[in-house]
Amino acid sequence: MMRQIGAIAFNTFKGAVHERLFYNLLIFAIVMVTGSILVASLTLGEQSKIIMDMGLASHNLFGMLIAVFLGTGLISGEIERRTIHTVLSKPVGRTTFLMGKYAGLLLTLFTNTVAITATLYVVLALHPKIDPYVKGDMLTYVEPRLLLAIYMTFLELMLLSAVALLFSTFTTATLATVFSLSTYAIGHLSGTIMTMSSKRVSLATRLLVQGVHYLFPNFSQFDIKNQVVHGVAVTPAYFGYTTGYAILYLTLLLLIASTIFSRRDLG
Amino acid sequence: MPAIECTGLTKTYSVGLKKHVALDHLDFQVQEGEVFGFLGPNGAGKTTTIKLLLGLIQPTSGAATIFGHPSHTATARARVGFLPESPYFYDHLTATEFLAFCGRLFGLTSVAIHDATLRLLKQVGLEEAAHTPLRKFSKGMLQRIGIAQALINDPQLVILDEPMSGLDPIGRKDCRDLILQLKQAGKTICFSSHIIPDVEMICDHIAILVKGKLIRMGRVEEILDAHQETLEALFIRETQT
Ligand SMILES: Nc1ncnc2c1ncn2[C@@H]1O[C@H](COP(=O)(O)OP(=O)(O)OP(=O)(O)O)[C@@H](O)[C@H]1O
Ligand SMILES: [Mg+2]
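An account of the accompanying structure is given in this report. In this text the structure is predicted, and so the values were computed from the model without any measurement.

Quick word on the layout of surface pockets
Residue and element names in this part refer to chain A. Empty space within the largest pocket amounts to approximately 530 Å³. Along the walls of the largest pocket sit 27 residues, with Gly15, Ala16, Glu19, Gly73 and Arg81 positioned nearest its centre. Of all the secondary structure elements, the ones that give two or more residues to the lining of the largest pocket are helix H1 (2–17), helix H3 (47–71), helix H4 (74–80) and helix H6 (94–130). Along the lines of polarity and charge, the residues of the lining of the largest pocket split into 9 nonpolar, 12 polar and 6 charged. Taken as a whole, the second largest pocket holds about 260 Å³ of empty space.

Section: the interface of chain A and chain B
Quoted interface sizes are often the accessible area lost when the parts come together. Counting from both sides, the interface comprises 28 residues of chain A and, opposite them, 29 residues of chain B. Summed over both sides, the interface between chain A and chain B buries roughly 2600 Å², with carbon and sulfur atoms accounting for 57% of that surface. Per-residue buried area on chain A facing chain B is highest for Arg3, Lys90 and Pro91 of chain A; these three make up 22% of the total on that side. Lysine 14 of chain A is paired through a salt bridge with glutamate 97 of chain B; the nearest N and O atoms lie 3.7 Å apart. Counting every contact that joins chain A to chain B gives 18 residue pairs in polar contact (both at pLDDT 80 or more). Elements that contribute at least two residues to the side of chain A that touches chain B include exactly H1, helix H5 (83–88) and helix H11 (236–263) of chain A. With 7 residues, H1 of chain A is the largest single contributor of residues to the side of chain A that touches chain B. In terms of residue class, the side of chain A that touches chain B is built from 7 nonpolar, 11 polar and 10 charged.

Reading guide: rules and limits
Residues numbered from 1 in each chain as written. Chains lettered and ligands numbered in written order. Predicted model: local features only at pLDDT ≥ 70, side-chain atom pairs only at ≥ 80, totals over all residues. Heavy atoms only, no water. 1 Å grid on protein atoms, 1.4 Å probe; cavity = no way out; pocket = protein on both sides within 12 Å on 5 of 7 lines; lining within 4 Å. Points joined across faces, edges and corners; volume = space filled by probe spheres on them. Helix = DSSP H or I, 4+ residues; strand = E, 2+ residues; numbered from the N terminus. Nonpolar A, V, L, I, M, F, W, Y, C, P; charged D, E, K, R; others polar. Contact = heavy atoms within 4.5 Å. Buried area = accessible area lost by both parts, 1.4 Å probe. Salt bridge = Lys/Arg side-chain N within 4 Å of Asp/Glu carboxyl O. Polar contact = N/O pair within 3.5 Å; in protein donor to acceptor, adjacent residues only side chain to side chain.

This is the structure we're talking about:
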């Protein structure tokens, strides 16, 4: 079963890197990260912070786009093109297939993450050499804590991929994209809305907002970009809690996806 | 134990609010070692039956087994090879990569995959296209690679949905020869086709399906002896009434 998951994951990854969408997004992200050096050189002082800000934001944004746009096509694409008949007519279980597709998407996102992270560090290391107003040598601005923010964003992308995959098991790619983007937006904003609406609204509204907040994945808690860039500490307990949250939530999503997909006709 | 057994197999599709009975209480068996031809006009339910056998869709009622295993289980498909109707495969892979992918899904070793790939590409006449991406394949070439992937695991039962469609006359003959070779090697073959002379030439058993119902089933010689006409004439007469 692990070999089957591996074969399907690797094939999914291969298919993704052949897609124009993926490498266009990747190239665009790398251009953004590299281009941040220009934006930074227009400002005075703290150039490295601007580079870090833009780099982390690019990783988040493009990762999100890849997770949603590739994720929502993972199953529906195979059904539309009927490639799924070839795979599932072999001794491959439905859950195995789903895990393989999910692992393939994570592999794609990981590749994207590695490429962006590497570019970001190269840009940070080189910018004192390029910009005569920046002082310091190659290692002055190479901030290892960036990896913590990238790790958290990757957890967020894992969770978002599971959301996209779940929608992909029962609806078309277009609808799944709409649902995933909505879930992402709600999951980012619900916390803010809850704090804002604390006292002055009716109980019913408050309960509704709270319900939405606890039901939808809370995506905003993965965002520690500002803390990292501005040197604010994040406790290990917070990493532990967030990691646990992501794994629990995505396991639940994958279980539901597997239940739906196992019953589905692939005609 | 029969290679294939269907009992009361029924499939209803809902089209809007209406229900459409695609298969209506199908009962049949395919014994090991048989070449079984599945005939019927367009929309008769041949592909639906095959998808049910492979667990790609679920029956509304009734059941199907393959070598005794319920068809929705993965183990039922371990000794099966399948060619889908008008096949389409991952077009980012080359022919060789695709066969390797299929082999891995069956849990074959790299050595076994390598040997089978060489043998099968030769058998279906695709040696020169071994490293061509599938997106550059013609319809007939896709059909050929489809046949090759169906045989990668040296299956005991081979299910082919319209294997001759899209093949040129030589390809059709090669396909007939291949089916007879498989029969000689003791395999069971079940295929659907619209090319009745081919079916008459190579099948020992046939079933004729019309609008989801089996209207005739049996040994080819017996059917022909009883009616004193070609299978084609019989087929046209029986499917039109
Ligand atoms: N997914 C589906 N939804 C609704 N109806 C379907 C679906 N798939 C098949 N049908 C219907 O079921 C019936 C049988 O279709 P099937 O594809 O099994 O026919 P077939 O015998 O393979 O025909 P052909 O010779 O054209 O390949 C048809 O009336 C078809 O319209
Ligand atoms: Mg058909």
